[in-house]
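Results of the structural survey
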Amino acid sequence: MTAAPADRPAPTDLLGRPLGSLRLSVTDRCNMRCGYCMPNEDYTWLPRASLLSFEELDRVAGIFAGLGASKVRLTGGEPLLRHGLAALVGMLARRLEIDDLALTTNGILLAEQGPELASAGLGRVTISLDTLSAERFAAFARSTRHADVLAGIDAAIRLGFHSVKLNSVIIRGFNEDEIVPLLEFARERRIEIRFIEYMDVGGATRWRFDDVVSREQILTIVGERYGPVTPDQEAGRGAAPAERFRLRDGSRFGVIASTTAPFCGNCDRSRITADGTWYLCLYSDRGIDLRTPLRSGATDEEIGALIRRTWRARFDRGAEERLTLIDRAALYAVEGLRADPRREMHTRGG
Ligand code: SAM
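Residues numbered from 1 in each chain as written. Predicted model: local features only at pLDDT ≥ 70, side-chain atom pairs only at ≥ 80, totals over all residues. Heavy atoms only, no water.

**Topic: the pairing of strand β4 (residues 124–128)**
Burial analysis of β4 places four of its five residues in the buried class, the great majority of the element. Where strand β3 (residues 100–105) and β4 come together, four bridges link them in parallel fashion. The residue bridging A102 from the neighbouring strand is R124, located in β4. After leaving β3, the chain enters helix α3 (residues 110–120) and then returns to the sheet as β4, a path that is right-handed. Two strands pair when backbone bridges link them, and β4 and strand β5 (residues 163–170) are joined in this way by five bridges, in the parallel orientation. Residue pairing in the sheet places S128 in a bridge with N167 of β5. (Buried < 20%, exposed > 50% of the residue type's maximum accessible area, 1.4 Å probe, protein only. Helix = DSSP H or I, 4+ residues; strand = E, 2+ residues; numbered from the N terminus. Pairing = 2+ DSSP bridges. Right-handed = clockwise from strand over helix to strand, strands pointing away.)

**A short note on the site of the ligand**
Not every one of the 20 residues close to the ligand is listed here, only the nearest: Y36, G77, E78, S128 and M199. At 2.9 Å from a nitrogen atom of the ligand is found a main-chain nitrogen or oxygen belonging to G77. Separating a nitrogen atom of the ligand from a side-chain N or O atom of E78 is a distance of 3.1 Å. Those elements giving two or more residues to the shell around the ligand turn out to be β3, β5 and β6 (192–197). (Near = heavy atom within 4 Å. Polar contact = N/O pair within 3.5 Å; in protein donor to acceptor, adjacent residues only side chain to side chain.)

**Quick notes on the environment of G123**
When you line up the elements, G123 lands in the loop between α3 and β4. Judged by relative accessible area, which is 6%, G123 ranks as buried. Separated by 94 residues in sequence, G123 and Q217 place their C-alpha atoms 32 Å apart.

**Section: the environment of E116**
Mapped onto the secondary structure, E116 falls in helix α3. Residue E116 is classed as partly exposed on the basis of its relative accessible area of 47%. In sequence terms E116 and V89 are 27 residues apart; their C-alpha atoms lie 9.5 Å from each other.

**Remarks on the confidence of the model for the protein chain**
Put simply, the protein chain has an average pLDDT of 94, and 97% of its residues get 70 or more. Of the regions scoring below 50 in pLDDT, residues 1–5 engages in 14 contacts with residues more than four places distant in sequence or in other chains. (pLDDT = per-residue confidence, 0-100. Contact = heavy atoms within 4.5 Å.)

**Section: the packing of α3 against helix α5 (residues 146–159)**
Contact geometry of α3 with α5 gives a least axis separation of 8 Å together with a crossing angle of 20°. Classified by the angle between their axes, α3 and α5 sit roughly parallel to one another. Handedness of the crossing formed by α3 with α5: right-handed. Contact residues: L110, A111, G114, P115 and A118 in α3; A151, G152, A155, A156 and L159 in α5. Of the residues in the contact of α3 with α5, the class split is eight nonpolar, two polar and no charged. (Axes fitted to C-alpha atoms, helices over the stretch in contact; angles between N-to-C directions. Parallel < 35°, antiparallel > 145°, perpendicular 65-115°, else oblique. Left-handed = near helix turned anticlockwise from the far one by under 90°. Nonpolar A, V, L, I, M, F, W, Y, C, P; charged D, E, K, R; others polar.)

**A short note on the pairing of β6**
Across the six residues of β6, six count as buried, placing the element largely inside the fold. Side chains E192, R194 and I196 project from β6 onto one buried face, and the interleaved I193, F195 and E197 project onto a second face that is buried too. Pairing analysis gives six bridges linking β5 to β6, with the strands arranged parallel. Of the residues in β6, the one forming a bridge with N167 is R194. With helix α6 (residues 179–188) bridging β5 and the parallel β6, this β-α-β connection has right-handed handedness.

**Section: a nonpolar patch on the surface**
Together, L14, L15 and F315 make up an exposed nonpolar region whose accessible area comes to about 330 Å². You can see F315 is positioned in the loop between α9 (300–312) and α10 (318–323). Residue F315 is classed as exposed on the basis of its relative accessible area of 54%. (Patch = residues over 30% accessible without salt bridge, like charges linked within 9 Å, V, L, I, M, F, W, Y side chains within 5 Å. Areas by Shrake-Rupley, 256 points an atom, 1.4 Å probe, with all protein chains shown as cover. Salt bridge = Lys/Arg side-chain N within 4 Å of Asp/Glu carboxyl O.)

**Some points on the packing of aromatic side chains**
Under the counting rule described, the total for this entry stands at nine aromatic pairs. Note on Y43 and W45: the rings are 5.8 Å apart at their centroids and 45° apart in plane angle, and the pair reads as tilted. The exposure class of Y43 is buried, given its relative accessible area of 12%. On the basis of relative accessibility, which here comes to 23%, the residue W45 falls in the partly exposed class. Seen from their ring centres, F140 and F174 are 3.8 Å apart, and the 15° between their planes marks the pair as stacked. Of the two residues, F140 is situated in helix α4 (residues 134–141) and F174 in the loop between β5 and α6; the sequence distance between them amounts to 34 residues. Counting every residue linked through ring pairs, the aromatic cluster contains Y36, F140 and F174. Sitting above the plane of the F185 ring, R189 keeps its charged end 3.7 Å from the centroid. The side chain of R348 reaches across the aromatic face of Y279, ending 3.7 Å from its centre. (Phe/Tyr/Trp six-rings, centres within 6.5 Å; stacked < 30°, edge-to-face > 60°. Lys NZ or Arg CZ within 6 Å of the ring centre and 35° of its normal.)

So, in structure tokens, the structure goes:
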């Protein structure tokens, strides 16, 4: 049962933005240690007993979808580390109010789990791929499983998901020399790649503005190799974070310029951590506890009313506010993250 009849309009916030999509983090654990997300040696993990069960995740996603958040993306941490994830995918896929069910993964376990995820009804998959070099991957992400990521990408393509995309975070001095090779890799496979500007979020405790490769710089590098790059008017953007561009031969790619050209004005996204804390903005310091009402007998209608009321009072524009800072540095130091692990990107979900 959903919280509100589907014909009731989605609530809009104080800036007129509808509740449109939900990122559901299913675990704060990850099997990589990317320098821009989990650079430290040790972490404070969410207590196991606090993690929402599949039934709770399904229920809360259903309530959100009933209010208008019909796009649901599973994330983490690394979502494929959550044991039996395909069962949750199956539960969500059966909900008619969810019309877009996606997963963001680092791909390490995708070749293994892809077939059951596809049969369970997963629609779209986005795989993070920052480098084509196994050596760089080992140094930067402290993982020896680069070949598994590449196998995961090819498995996803073979399995015929509605869409398979790649995400590459571009960082100066690490991989800006791979923009063209990564784009070629995607073009060869006829899938879309999105280059993401390095963001000063959660675990990016070593973030410096000088390390950001901006949208303009990315477009210049692509233009130097392929000739004119034109905005893809046809594809439109809507509330999507990526701006899409076309090369002369018609192939497309995206840029997510969250750092230098944020898109808060269209942001219809919110995120729930694996322990059921709801964040209205990637940058916000405080979340709303949904686990307590979920576990203390509140009805779907009551939780739906809480969500509706909270969304209507939303005015967050975290990325745009960061843009106005003169001395912009990492959002948190390590101590700030230890004090509240939900501030981590790997807890909040990218
Ligand atoms: N483990 C999954 C993965 O690797 O895709 C899902 C979680 S991960 C936190 C989601 C996305 O956030 C990834 O594409 C990752 O590259 C991105 N991300 C994490 N920290 C970032 C940062 N500081 N700047 C930009 N993107 C970041």
